[in-house]
Structure formats: C-alpha cells, structure tokens
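Chain residues, written in single-letter form:
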Amino acid sequence: MSEQQSAPEQQAAEKSQGGTGGTYKVVLFELENFQGRKAELTAECKDLGELGFEKVGSVLVESGPWLGFERQGCAGEQFILEKGEYPRWDTWSNSQASYTIMSLCPLQVDSAEHKLLLFENAGFAGRKMEIVDDDVPSLWAHGFQDRVASVKALNGTWVAYMYPGYRGRQFVFQHGEYKHWNDWEAALPQIQSVRRVRDMQWHKKGCFTLPAMPAPPTAPSSS
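What comes next is a walk through the structure.

Definitions and cut-offs
The residue count restarts for each chain, going from 1 along the sequence in the order it is written. In keeping with the predicted nature of the model, local features appear solely for residues at pLDDT of at least 70, side-chain atom pairs appear and are counted solely at 80 or more, and the whole-chain, interface and lining totals rest on all residues. Calculation of side-chain values draws on the structure's entire complement of heavy atoms; hydrogens and water are dropped beforehand. Secondary structure is summarised from DSSP: a helix means a run of H or I of at least four residues, a strand means a run of E of at least two, and numbering begins at the N terminus for each. Remark: exposure states derive from per-residue accessible area (1.4 Å probe, protein chains only) relative to the maximum for the residue type, with buried under 20%, exposed over 50%, and partly exposed in between. Residue contacts are defined here by distance: any two heavy atoms, one from each residue, within 4.5 Å place the two residues in contact. Put simply, buried Ala, Val, Leu, Ile, Met, Phe, Trp, Tyr and Cys residues joined by side-chain atoms within 4.5 Å make one nonpolar core. Between any two strands, at least two bridges found by DSSP are needed for them to pair. To obtain each axis, a line is fitted to C-alpha atoms, and for helices this fit is confined to the stretch in contact; angles are then taken between N-to-C directions over 0 to 180 degrees. Between 30 and 60 degrees the pair is tilted, below 30 it is stacked and above 60 it is edge-to-face, where a pair is any two Phe, Tyr or Trp rings, Trp via its six-membered ring, whose centres lie within 6.5 Å. Consider the ring centre and the ring normal. A charge sits over the ring if Lys NZ or Arg CZ is within 6 Å of that centre and within 35 degrees of that normal.

Moving on: the environment of asparagine 33. Of note, asparagine 33 is situated in the loop between strand 1 (25–31) and strand 2 (35–41). When its relative accessible area of 46% is taken as the criterion, asparagine 33 is described as partly exposed. Discounting residues that sit within four places of it in the chain, asparagine 33 has contacts with Ser58 and Pro87.

This next bit is on the environment of valine 26. Examined against the element boundaries, valine 26 turns out to sit in strand 1. Each C-alpha atom of the pair valine 26 and glutamate 82 lies 9.8 Å from the other, and the pair is 56 residues apart in sequence. For valine 26, the residues in contact, after removing those within four places along its chain, are Ala39, Glu40, Leu41, Val59, Leu60, Val61 and Trp66.

Now for the nonpolar core. Formed by 22 residues in total, the largest nonpolar core has its most connected members in Phe173 and Trp184. Listed by contribution, the elements that provide at least two residues to this core are strand 8 (115–121), strand 9 (125–132), strand 10 (150–155), strand 11 (157–163) and strand 12 (167–173). Per-element accounting of this core gives the leading share, 3 residues, to strand 11. Apart from residues no more than four positions distant in its own chain, phenylalanine 173 is found in contact with Val151, Ala153, Gly156, Thr157, Trp158, Ala160, Tyr178, Trp184 and Ile191. Ranked by size, the runner-up nonpolar core spans 20 residues in total, among them Tyr24, Phe53, Val56 and Val59.

Moving on, we get to the sheet that holds strand 9. Two pairing modes exist for strands in a sheet, parallel and antiparallel, and in both the strands are linked by backbone hydrogen bonds. The 4 strands lie next to each other as 9-8-10-13, forming an open sheet whose pairing is antiparallel. In this open sheet, the two strands that pair with only one neighbour each are strand 9 and strand 13 (176–178). Strand-to-strand twist across the sheet, computed as the mean angle between neighbouring axes with direction ignored, equals 15 degrees. The pairing of strand 8 with strand 10 spans 5 bridges and is classified as antiparallel.

What follows deals with the packing of aromatic side chains. Summed over all chains, the structure comprises 7 aromatic pairs. Plain terms: the ring middles of tyrosine 161 and tyrosine 166 are 5.7 Å apart, the flat faces sit at 65 degrees to each other, and that makes the pair edge-to-face. An identical accessibility class is assigned to tyrosine 161 and tyrosine 166; each is buried. Taken together, Phe173, Tyr178 and Trp184 form an aromatic cluster joined through their ring pairs. Over the face of the ring belonging to phenylalanine 124 we find lysine 152, whose NZ or CZ atom lies 4.7 Å from the ring centre.

That's the geometry; what it means functionally is another story.
Right, dumping it as structure tokens:
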C-alpha cells in the first residue's frame, strides 16, 4: 500500500512531520471541493465554531496526520486525516453516522515500527492476535469474527474500523493499553479491520492509492 523507505528517508520524513518536533498544517473549507470560507491550522483547535465554521465541507492536509472529531472539545466520532485531499465528507468518513468535523488535533506517530495486540475479551483475556508492521483488511480469517474487547498498542499509531475493508466508525489506538472497549469510546467490542497510521509526508495523496478508472470505450471508426 505504500512504498518502502530507506532508513535515511524514514528519518527525514519523520523529522518533517509527525513525531516529536514535527510540523502540521491543514486547511479547512466551509464548502465541498475546497470552496467558501477557509482556515489554516498548525495546532489543535477544540472548537471550529470560534473560527466561524458551522460545518466543514472539505479538507486539505498539507502535513499531518490529524485527528478530527464530530464535536467540540475533541470528542465524539473520530476521523483520520492523513496527507491528501478530502473534497467532501464521505472521503474522510463512511460510517454514515456523522457529517461534520467540529474540532481537530495533530496526531503523533511515535514510531516507524508498528505492533498491535488484539484480545477477544476485556482485560487482555481470551484469544489473542499479534499484528506487526502490517495492515489487516479483515480479522475474520484470524478467528476474530467481530469481537475485540481489549487492545495493547505497543508500537506506532493505529486506526481500527467496525467493518471489514476499513469501513465504518474509526477508533484510534496510540501507544498504551486499552483494557475495555469503553476506553476507546466504543459502544460495542466490534472491530473488523485495522491499519497503521503512518507519516505520509513523502506520499502524494496519503495512505491509499485510488484504483485507475477504466478507459471509456472508443467509438468504431467509420470506413
């Protein structure tokens, strides 16, 4: 999903954004497709209403990553915003539950390495799955049909999704222990896909590469 980086490239990228001492910049637009009122942020904003925003229609992340929230005070549903363009709300969320961002904060990526432990039951009990430097679009093949009740994020920053294929509500796991699904503000112990959040400064459009659109059919030439 991303190009492999040499150690010097990795260090240079981490210095340029993300991690300690990194720089962050995001541009918010009131309307879709980068139109209307706009504001630039380089630090946390707990209430976009103070900047005159009733809603955010599109987002341009010049350096990040950032974590957006549906409510003021960095609360409510979360949205990962890596380097790239987000011309409308459904490019940063497909949960169908929230249509707005009202606060943002820079998201630290503490390590180029990633290690995550998932547990079937609360308190780090039951079946366990270890994920090292990989993205998992579906946990079903590993015996986790939908239940993840506790998590240990040992290295890196991760984002989990309620449904396979990185769909549904997002939950961010930074370095630490999460003994119960309430610790990541979930109503249910349901996670079905996880991926790494990486410093995307060296990528043109962030983490994912959009599939190429098929060429339109050509009309037959007249003889």
